[in-house]
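Chain by chain, the residues:
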Amino acid sequence: MKPFANEPTLELRRAPARELLVNALRELEPKLPLAVPVLIGRERGAHEGFESTDPGEPDRVVATAGRATQVDAGAAVEAAAAAFPAWRDMGANARAEVLVGAAQILRSRRLELAALQVRECAKPWGEADGDVCEAIDFLEYYAREAVRLEHGPGLLQVPGERNTMRYEPRGVCVVIAPWNFPLAIPTGMTSAALAAGNSVVLKPAEQSPASALALVEALREAGAPPGAISLLPGFGEVGAALVRDPRVHVIAFTGSSAVGLEIVRSSADTPEGQGHVKRVVAEMGGKNAVIVDSDADLDDAVPAIVKSAFVYAGQKCSAASRVLAHEGVADALLERLSGAVNVLIVGQADDFAIDVPPVIERDAQERVVRYVDIAASDGRIVGQQAKIPANGWFCPPTLVTDLPADSAVLRDEIFGPVLAVERVRSIAEACDALERSPFALTGGLFSRNPETVAEVTRRTPVGNLYVNRHITGAMVGRQPFGGNRRSGIGSKAGGPDYLLQFVEPRVVTENTMRHGLVVE
Amino acid sequence: MSQVEDDPGVEAELGEVGRALYGSFPQRSRNPVKALDARAMELASQDAELRAALFRFVDVTPACRSLDDLARHLSGYLSEVGEKPPPLEVAMRMAGTKPGRAALGVAAAGGVRHMAHRFIVGESPRKALPVLRELWEDGAASSVDLLGEATVTEAEADRYAARCAEALDTIAEAAPRWPERPQLEADSLGPLPRANLSVKVSALTPHIRPDAPALGREDASRRMRPLLRKARDLGAHLHIDMESLDALETTMDLIFELLDEDEFREGPSAGLVLQAYLRESPNQLDSILAWARETPRTPPLVVRLVKGAYWDHEIVEARQHGWDAPVFEVKAECDRNYEQLTRRLLDARPAVRVAVASHNLRSISHAIAYNRHSGGENGDVELQVLRGLGDELAHALAAQGFRVRVYCPVGDLVAGMAYLVRRLLENTSNESFLHEQAMGVPLEELLAAP
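Residues numbered from 1 in each chain as written. Chains lettered and ligands numbered in written order. Predicted model: local features only at pLDDT ≥ 70, side-chain atom pairs only at ≥ 80, totals over all residues.

## Looking at the overall build of chain B
Within chain B, the regular secondary structure consists of 20 helices and 10 strands. For a compact globule of 450 residues, the expected C-alpha radius of gyration is about 22 Å, and chain B comes in at 22 Å, within 12% of that figure. Expressed as lengths along the three principal axes of its C-alpha atoms, the size of chain B is roughly 65 × 50 × 50 Å. Residue pairs at least 24 apart in sequence account for 75% of intrachain contacts in chain B once pairs closer than 6 positions are excluded. (Helix = DSSP H or I, 4+ residues; strand = E, 2+ residues; numbered from the N terminus. Rg over C-alpha atoms; globule rule 2.2 N^0.38 Å. Contact = placed C-beta atoms within 7 Å.)

The following block contains the structure:
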């Protein structure tokens, strides 16, 4: 295999590249709604039970999906358990070939899959294309990682004994995925589990079943045994049933803190007959802040902060929701940020000329509006784009300041286009403020002083700190991604430690001395 | 490869032109401060770490709150340099104490200010007028460029447009009082405006989006139209600069669209920029020439041919995204392309006027020789240089009777930093012509075909 390289995104500054995407959407449109069946092993179940709709035009149905039941959950786990030994015994190289094959299939469908995300999740074009590329990256990266891992680490050897260490897959892995990276995140968790030799039951978010189907199709077409990758479109009760199932070994979850913590609690149970402790990998919420030092270059900081907070309407776990500005630069920063927020263009995701698409669903819209109201009463709104389309789940991107330290706007993960600016007297004070937050996913720093960069690097608890750039858009292999504290348990996706969570290490020590003779 | 390219006549004439220009370069300045500048630049070009430290320092200077803060930044950057030349060891020791930092801060701030003044002609158009007049008297025209912070808000776009309007008024009001300089005031195609302003499309709108060029184009057009009207009414020239590739489609579309509007068919004199480092520049020239032929205007469109100032940015951007580099990565390829574009542009007259903007003696001599060879008068090709980098060259060109224009940035230090750092990068790059010249590369090598 060639060394890993990130899949290049489309060069959307070129008109022909943009046309490719627009044409792909035109071709997809008449095929909607797509049918997403429940897929358990070789069984193809119903594909009518619920619908995914276009957040920008809620009357438009993007997919109809089968609604998996708790019985389906049990059947899928059984199929996965049955498929496990053969998949495990294939060896890392053969499994890597399947993953690389699936990557190739996604690559050949990338335009169509980006168009699908534009419709199903209102992802703007650049983001949608990036998501498909990230999915391809995960497949390619974990394929190589699994091959590397199979060799095991070297151990200290002394005469008369032989020490070896190897990694074995754990068994059945449940993947519970979010809608905000509808292809990349399910692909990341699924491909890691599969590459390491586990079998997988995938429960995608109910908002984005069609993107998940594309992944399962690609894996199966590339040679993954049907039992090794089942698809259970559906709602929370299916996820809960999967998490409870005693035959499940690993649960890989990305989503809200509430659900993540519930999974941690529920999977801690070891009922009679369950011969193992479940392993949970959970990527949860964030409340990400950007620190702006007095020497920051605002020409760089303002566009980067706006991008971090408002691209995809703030619906990335890495998105910025707080800015901690040094008082020496706070006024200038606020003025420029508010001007920049006032000119944001809110509109449909399929239009290249927008900055902020709708949020995913009505609940999300209502939540954002609630926080904007709190922002207005707790503090002072200094920037807002109130011109938003009437239909669809649009919200006004909002910039707020002068909030009291205990305001919910500064504390809660809003997961929407709302950004709060706070004033600090020093960088140490900014670090103190972050120290008090239970979240530690991403963070940003704008400073041109090497000492400040070193100090914030030392003090910040966040999983991913970005210095003098936007804080979203982690790339596989370049920015292994994941949070600390209550933002996540588990290790960085797209990094060299990730696969270790899906395997158990086994060490064998053999005595090679027999009657004083070393028999190697 | 065209025939003319291999024409030994052009090559021979080019050599003569180059040698004559080289002979009229003034002696190295005896000004001690200027020599210090030159030494700092020389150190920087020899050591990548030092170069990075110097640029980071220049870049942060206006954002520092005090001399102490300034000195702390400087020592922070220098501490990352492995082998420090003796003067920098002294600087590091000074940074260890508060009075030392104050002294270091004063010295360093003075150094940056001095460097800035070399490249930036004044804080405002009014304050720049004496320099513009002096240049004119010495036989060089000018184009004023207003430095500014990035435009991220409506207010900033409006402010930049207002500054441009004011600059046009100020320069156009003063220029008629300058003495006559016939060589700068007309070519074979007619009169040339004295007042000349360069504008940046990205500063006229907060909506530059590489993937949605129409957005920025429409918003910038609203602010560009009044400037075109003003330039037309004042008889001034308006030149639309080119920036990074991310703004290229926006900029080109805006120019083609606006200059095609009826009210601008008869003026103002206007121009655009072609960047020879772009691999696609020959195709761009195709569309520029096709447009110019379909859209005849008086006075004709001016095309300024440059190498391009965003080379590092374009390379990094492409590498980070896994895209093919849009620019030539080998200098000789870029130089060859520059000459081919020069020939095509000069051949395309009278559909366009040509301005060759370069500090490369070979490229300039080539343009002059090819112009003569294809029957042009010396005044039929404009030669442009940058203030601070091409001063000596401008002198030599004017002394030899060529039509030369100096690109003159105007603005305060904060606003000028991005510009200044770009120019410093250019000046200390090992492939820079100026660097080669300073390093004493023999003239025949400087004039050799790329």
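## Brief notes about the pairing of strand 1 (residues 140-146) of chain B
For a regular strand, side-chain orientation follows a simple rule: the groups alternate between the two sheet faces. Residue and element names in this part refer to chain B. By the criterion of burial, strand 1 is predominantly enclosed, with 7 of the 7 residues buried. Burial along strand 1 is two-sided: the residues Ala-140, Ser-142, Val-144 and Leu-146 and Ala-141, Ser-143 and Asp-145 are all buried. As judged from the 7 bridges shared by strand 1 and strand 10 (residues 403-410), these two strands associate in the parallel manner. Bridged to Ala-141 within strand 10 is Arg-405. Bridge count between strand 1 and strand 4 (residues 196-199): 2 bridges; the pairing is parallel. Each residue of the ladder has a partner; that of Val-144, found in strand 4, is Leu-197. (Buried ≥ 20, exposed ≤ 12 C-beta atoms within 10 Å, placed from the backbone. Pairing = 2+ DSSP bridges.)

## What about helix 15 (residues 331-348) of chain B?
If you check helix 15 of chain B, its first and last C-alpha atoms are 26 Å apart, about what 18 residues at 1.5 Å a residue would give, namely 26 Å. The complete set of buried residues in helix 15 of chain B reads Cys334(B), Asp335(B), Tyr338(B), Glu339(B), Leu341(B), Thr342(B), Arg343(B), Leu345(B) and Leu346(B). (Expected span 1.5 Å × (residues − 1).)

## Here we look at the packing of helix 4 (residues 110-121) of chain A against helix 5 (residues 125-150) of chain A
Residues and elements named next belong to chain A. Direction vectors running N to C along helix 4 and helix 5 enclose 130 degrees, while the axes themselves pass 8 Å from each other. By the criterion of interaxial angle, the relationship of helix 4 to helix 5 is oblique. The handedness of the crossing between helix 4 and helix 5 comes out as right-handed. Counted together, Arg-110, Leu-113, Ala-114, Gln-117 and Val-118 of helix 4 and Trp-125, Ala-128, Asp-129, Asp-131 and Val-132 of helix 5 form the full contact between these two elements. Of the residues that constitute the contact of helix 4 with helix 5, the class distribution is 6 nonpolar, 1 polar and 3 charged. (Axes fitted to C-alpha atoms, helices over the stretch in contact; angles between N-to-C directions. Parallel < 35°, antiparallel > 145°, perpendicular 65-115°, else oblique. Left-handed = near helix turned anticlockwise from the far one by under 90°. Nonpolar A, V, L, I, M, F, W, Y, C, P; charged D, E, K, R; others polar.)

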